[in-house]
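Spelled out, the chains give:
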Amino acid sequence: MHRLGDTELSSTANQVFSDIVGTTIISASGLPYNWQLSVLNDDLVNAHSLGDGEIAVDGGLAKQLGADKGLWSAVLSHEVAHTARRHAVKMYLYQQHVAQLAAYYRARAAVGDKSASWALLGLEIGAAVGERWCDRCHHCVAGRGAGADLYARAYVGPGDCGRRGRDTVSRGRPVLR
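What counts and what doesn't
- Residues numbered from 1 in each chain as written.
- Predicted model: local features only at pLDDT ≥ 70, side-chain atom pairs only at ≥ 80, totals over all residues.
- Heavy atoms only, no water.
- Phe/Tyr/Trp six-rings, centres within 6.5 Å; stacked < 30°, edge-to-face > 60°.
- Buried < 20%, exposed > 50% of the residue type's maximum accessible area, 1.4 Å probe, protein only.
- Pairing = 2+ DSSP bridges.
- Helix = DSSP H or I, 4+ residues; strand = E, 2+ residues; numbered from the N terminus.
- Patch = residues over 30% accessible without salt bridge, like charges linked within 9 Å, V, L, I, M, F, W, Y side chains within 5 Å.
- Areas by Shrake-Rupley, 256 points an atom, 1.4 Å probe, with all protein chains shown as cover.
- Salt bridge = Lys/Arg side-chain N within 4 Å of Asp/Glu carboxyl O.
- Core = buried A, V, L, I, M, F, W, Y, C linked by side-chain atoms within 4.5 Å.
- Contact = heavy atoms within 4.5 Å.
- Expected span 1.5 Å × (residues − 1).

A.B. asks: Teacher, can you tell me more about the packing of aromatic side chains here?
C.D. replies: Two aromatic rings, taken as a pair, are described by how far apart their centres are and by the angle between their planes. In this structure the tally under the stated criterion is two aromatic pairs. When the centroid spacing of 5.3 Å and the interplanar angle of 80° are considered together, the rings of Y33 and W35 count as edge-to-face. Accessibility expressed as a relative area gives 14% for Y33, which makes it buried. Judged by relative accessible area, W35 falls into the buried class, the value being 17%.

A.B. asks: I keep staring at the pairing of strand β3 (residues 54-57) and nothing clicks. Help me out?
C.D. replies: Side-chain positions along a regular strand alternate between the two faces of the sheet. Both strand β1 (residues 36-39) and β3 contribute to a ladder of four bridges, which runs parallel. Residue Q36 lies in a different strand from β3, and its bridge partner there is E54. Two elements, strand β2 (residues 47-49) and β3, share three bridges in a ladder whose sense is antiparallel. What sits directly across from S49, in β3, is I55. The hairpin turn running from β2 into β3, its antiparallel successor, is four residues long, and G53 in that turn takes a positive phi close to 95°.

A.B. asks: Would you explain a nonpolar patch on the surface in this entry?
C.D. replies: The grouping of W118, L121, I125 and V129 at the surface amounts to a nonpolar patch, some 460 Å² of accessible area in total. Along the chain, the position of W118 falls in helix α6 (residues 114-144).

A.B. asks: Please clarify how the nonpolar core should be interpreted in this entry.
C.D. replies: Here is a general trend for soluble globular proteins: nonpolar side chains tend to be buried in one another's company. Counting residues in hydrophobic clusters, the biggest one holds 20 residues, and the most contacted among them are F17, W35, V57, W72, L76 and V80. Put simply, the parts of the chain that give this core at least two residues each are α1 (8-21), β1, β3, α3 (59-65) and α4 (69-84). Sorting elements by how many residues they give to this core places α1 first, with five residues. Contacts of F17, omitting those with residues within four sequence positions, involve W35, Q36, L37, I55, L76 and V80. Ranked by size, the runner-up nonpolar core spans five residues in total, among them V98, L120, L123 and A127.

A.B. asks: Would you mind showing me how to read the side chain of T83 here?
C.D. replies: Structurally, the position occupied by T83 is in helix α4. T83 sits in the buried class, given a relative accessible area of 3%. Among all residues touching T83, those that are not within four sequence positions of it are Y33, W35, S49, L50, G51, G53 and I55.

A.B. asks: Even after reading the chapter, I still don't get helix α5 (residues 87-110), so can you show me in this structure?
C.D. replies: For the α-helix, the turn length of 3.6 residues means that residues three or four positions removed from each other point alike. With 24 residues, α5 ought to run about 34 Å at 1.5 Å a step, and its terminal C-alpha atoms sit 35 Å apart, in line with that. Considered for burial, the residues of α5 that qualify are H87, M91, V98 and A102. Positive phi shows up at G112, right after α5, with a value of about 100°.

A.B. asks: How should I be thinking about the pattern of salt bridges in this particular structure?
C.D. replies: For side chains bearing opposite charge, pairing can occur when the charged atoms are close. Applying the stated criterion across every chain yields a total of three salt bridges. Residues D43 and K63 are paired through a salt bridge, measuring 3.5 Å at the closest nitrogen-oxygen approach. Of this pair, D43 sits in the loop between β1 and β2 while K63 sits in helix α3, and the two are 20 residues apart along the sequence. R106 is paired through a salt bridge with E124; the nearest N and O atoms lie 3.7 Å apart.

Right under this line is the structure:
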């Protein structure tokens, strides 16, 4: 996928991204990441975070965000929170654990354990539900907890985090102070 060239969108995104990963929440956390941001040249409307500190924003979303630092702060802080909270790593470990359990029950079924087939069926159903639950919990944490704090610090400013009142929203959009 090609990256978006040096435009006002990528310039705004890079400035906001630098502010977010430069906060003491992230810099003091000791995360071993070489943070990178890519604004992709496509029409998709999504953003992605990888477990190694890479954040990608699809071009369709970038165009919708425009040069609005508040909107970029909301999206990027959410994605940075996913990586900082190691959500991709946790999901990978969960999937590996389920795969090991499935292999165990398949081996038990192969030697004639009749209950192993039922256990495998229960595992497959439960693991699918569990994976969706984990994904949903990760999005709640990234949106409300760490992500909201990063957003406040990057967008409102570190000194204003406790003073977000009625004047921070105008016609449904945040007001830059």
